[in-house]
Amino acid sequence: MEARVSQSLQLSSWIKSDKVVRKPGGCLRFSVKWNEKLMHRTVISCHLQPRKANRRVALKVSCSSHNVQASVLESECITASTDEIETLKNKSEEVEEYLDGRCIYLVGMMGSGKTTVGRILAETLGYSFFDCDRLIEQAVGGTTVAEIFKLHGESFFRDNETEVLHKLSAMHRLVVSTGGGAVVRPINWRHMHKGISVWLDVPLDALAKRITAEGTKSRPLLHEESGDIYDKTLKRLTTLMETRGANYANASARVSLENIAVKKGKDVCHITPTEITLEVLIQIENLKKQESVVVL
Ligand SMILES: Nc1ncnc2c1ncn2[C@@H]1O[C@H](COP(=O)(O)OP(=O)(O)OP(=O)(O)O)[C@@H](O)[C@H]1O
Ligand SMILES: O=C(O)C1=C[C@@H](O)[C@@H](O)[C@H](O)C1
């Protein structure tokens, strides 16, 4: 069974060409040609729609595709001020040369915002966005992560996760949202270190609040717990963090929400995805500075 599902991971031949078109009015559209045999094609459009009255814009990141199960279709709308968008764009230009097309892997605990931040980051850099969990679900025939754990077990899921990361690591100009446990296997780091990895470090109580608000059903490592959902989630996250903290610290850079909160004089729970995305770019810029000091 494992071999059969692994064979269905045709990721190496996914992207035959990658065309990015910047449209007037801030609309960014790029098309990715998939494996020709599977006749898959994905078109991702990112719209910056100005709302002049309150100087906020809807940063709409939507994905659509043909012949792909509905479960992999996603769309999200995030608002940011025009100043924030400008700052993001400027910072992304400053790190563009340093990045040199390398992929960015976002790592962090479940619910840490890898998908939310990843989409904004990809749009800002003109990169494509991929979510590992969604790719695994797609490869295993459109079933959910929770179902994969239930039907095949965690190690089967982990093998497919490694396979997905291996294939993605051969590509360029991607922002990848990794699964919360991808950091545990050393082989996954060999793949991720081909690009730049960024750890989104979110205090566990803030994570537990987010996850409790969303529900834990889709998260197989959490939903076996019963009782008060916030307390149980926090307890489970604490145990996971004890075993994984050192693994997350393998990332090339760390974005600490506690540090952003101190810098902004805000509560951790009020730091926006746009602010976190900017901090990701700042931390990448710091890597560039550190490397230039070493060269001197
Ligand atoms: N800065 C933020 N402030 C508040 N809520 C947030 C923030 N970023 C993300 N969220 C919310 O937290 C939840 C988890 O976010 P997201 O799916 O991006 O995390 P993730 O790291 O990709 O999770 P997983 O690894 O489980 O897929 C979502 O409901 C999202 O809307
Ligand atoms: O933290 C984890 O181990 C996981 C996180 C999710 O992203 C999924 O990859 C899966 O539920 C396992």
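Residues numbered from 1 in each chain as written. Chains lettered and ligands numbered in written order. Predicted model: local features only at pLDDT ≥ 70, side-chain atom pairs only at ≥ 80, totals over all residues.

### Comments concerning the overall build of the protein
Inclusion rule: A run of H or I in DSSP counts as a helix once it spans at least four residues, and a run of E counts as a strand once it spans at least two, with each numbered from the N terminus. Here, residues touch in the contact sense if the C-beta positions derived from the backbone fall within 7 Å of one another.
The number of helices and strands found in the protein is eleven helices and ten strands. In the protein, 66% of the contacts between residues at least 6 apart in sequence involve partners at least 24 apart.

### Some thoughts on the pairing of strand S9 (residues 196–201)
We count it as follows: The burial criterion counts other C-beta atoms lying within 10 Å of a residue's C-beta, which is placed from the backbone; the residue is buried at 20 or more, exposed at 12 or fewer, and partly exposed between these limits. Two strands qualify as a pair provided DSSP detects at least 2 bridges between them.
Most of S9 is tucked away, with six of its six residues classed as buried. Of the two faces of S9, the one carrying Ile196, Val198 and Leu200 and the one carrying Ser197, Trp199 and Asp201 are both buried. Both strand S6 (residues 104–107) and S9 contribute to a ladder of four bridges, which runs parallel. Residue pairing for S9: Val107 is matched across the bridge by Trp199. Taken together, the four bridges between S9 and strand S10 (residues 253–256) define a ladder with parallel strand orientation. Looking at the pairing, Trp199 lines up with Arg254 of S10.

### Structural notes on the packing of helix H8 (residues 204–214) against helix H9 (residues 229–248)
Convention followed: Fitted lines through C-alpha atoms give the axes, limited to the stretch in contact for helices. The angle between two N-to-C directions lies from 0 to 180 degrees. Note that the term roughly parallel is reserved for angles under 35 degrees, roughly antiparallel for angles over 145, roughly perpendicular for angles of 65 to 115, and oblique for everything else. Each crossing gets its hand from how the near helix is turned against the far one by less than a right angle, where anticlockwise is left-handed and clockwise is right-handed.
Two elements in contact, H8 and H9, have axes separated by 9 Å at closest approach and are oriented at 130 degrees. If you check the angle between H8 and H9, you find them oblique. Helix-helix and strand crossings are classified by hand; for H8 and H9 the assignment is right-handed. Here Leu204, Asp205, Leu207, Ala208, Ile211 and Thr212 of H8 lie close against H9, whose contacting residues are Ile229, Tyr230, Thr233, Leu234, Leu237, Thr238 and Met241.

### Re H9
An α-helical segment advances 3.6 residues per turn. Residues three or four places apart therefore align on the same side. Note the following rule: What is called the bend at a residue is the angle between a pair of axes, fitted to the seven residues leading up to and ending at it and to the seven starting from it.
Of all the bends found along H9, the most pronounced is centred on Glu242 and spans about 50 degrees. Along H9, the residues that are buried comprise Thr233, Arg236, Leu237 and Tyr248.

### Some details on unusual backbone geometry
If you check the backbone angles, Asp100 has positive phi at about 50 degrees while not being a glycine. Looking at the element boundaries, Asp100 is found in the loop between helix H2 (82–99) and S6. Despite not being glycine, Arg173 has its phi angle at roughly 55 degrees, a positive value. Looking at the secondary structure, you find Arg173 in the loop between helix H6 (154–168) and strand S8 (174–177).

### A look at the site of ligand 1
To be explicit about the condition: Nearness is defined per residue: the C-beta atom, placed using the backbone, must lie within 6 Å of the molecule or strand. Asp, Glu, Lys and Arg are counted as charged, while Ala, Val, Leu, Ile, Met, Phe, Trp, Tyr, Cys and Pro are counted as nonpolar; the rest, among them Gly, fall into the polar class.
In the vicinity of ligand 1 there are 17 residues, among which Met110, Gly113, Lys114, Thr115 and Thr116 approach most closely. When residues of the shell around ligand 1 are traced back to their parent elements, those giving at least two are helix H3 (114–125), H8 and helix H11 (273–295). Among the elements that make up the shell around ligand 1, the one with the highest residue count is H3 (three residues). The class makeup of the residues in the shell around ligand 1 is four nonpolar, nine polar and four charged.

### Focus on the packing of helix H5 (residues 145–152) against H6
What describes two packed helices is the angle between their axes and the distance between those same axes. It is at 7 Å that the axes of H5 and H6 come closest, and there the two elements cross at 125 degrees. Classified by the angle between their axes, H5 and H6 sit oblique to one another. Taken together, the residues of H6 that come into contact with H5 (itself represented by Val145, Ile148, Phe149 and His152) are Glu154, Phe156 and Phe157. When grouped by side-chain class, the residues that make up the contact of H5 with H6 number five nonpolar, one polar and one charged.

### Some details on the sheet that holds strand S7 (residues 128–131)
Overall, parallel pairing links the five strands, which are arranged S7-S8-S6-S9-S10 in an open sheet. Only two strands of the sheet have a single partner each, and these edge strands are S7 and S10. For this sheet the average axis-to-axis angle between neighbouring strands, irrespective of direction, equals 20 degrees.

### A word on helix H4 (residues 132–139)
For H4, the tally of buried residues reaches seven of eight residues, placing the bulk of the element in the interior. Of the positions making up H4, those classed as buried are Cys132, Asp133, Arg134, Leu135, Ile136, Glu137 and Ala139. Among the residues trailing H4, Gly141 stands out with phi positive, at a value near 95 degrees.

### Some points on the nonpolar core
For clarity, the cut-off: Here, a nonpolar core means buried Ala, Val, Leu, Ile, Met, Phe, Trp, Tyr and Cys residues linked by C-beta atoms lying within 7 Å of one another.
In terms of nonpolar packing, the biggest core is built from 57 residues, with Leu106, Ile136, Val175, Val176 and Val198 touching the most fellow members. The contact partners of Val176, leaving out residues within four places of it in the chain, are Cys103, Tyr105, Leu106, Phe130, Cys132 and Leu168.

### A closer look at the environment of Tyr248
If you trace the backbone, Tyr248 turns up in helix H9. Between the alpha carbons of Tyr248 and Lys114 there is a distance of 13 Å; along the sequence they are 134 residues apart. Setting aside residues no more than four positions away along its own chain, Tyr248 makes contact with Val107, Gly108, Val183 and Trp199.

### Notes on the confidence of the model for the protein
This is how it is decided: A residue's pLDDT is the confidence the predictor assigns to it, expressed on a 0 to 100 scale.
Confidence in the prediction for the protein averages 78 pLDDT; 69% of positions are at 70 or higher. Long-range and interchain partners of residues 61–75, a stretch whose pLDDT sits below 50, account for 29 contacts in this model, where long-range means more than four residues apart. Overall fold confidence (pTM) sits at 0.80, and the ipTM for the predicted complex is 0.98.

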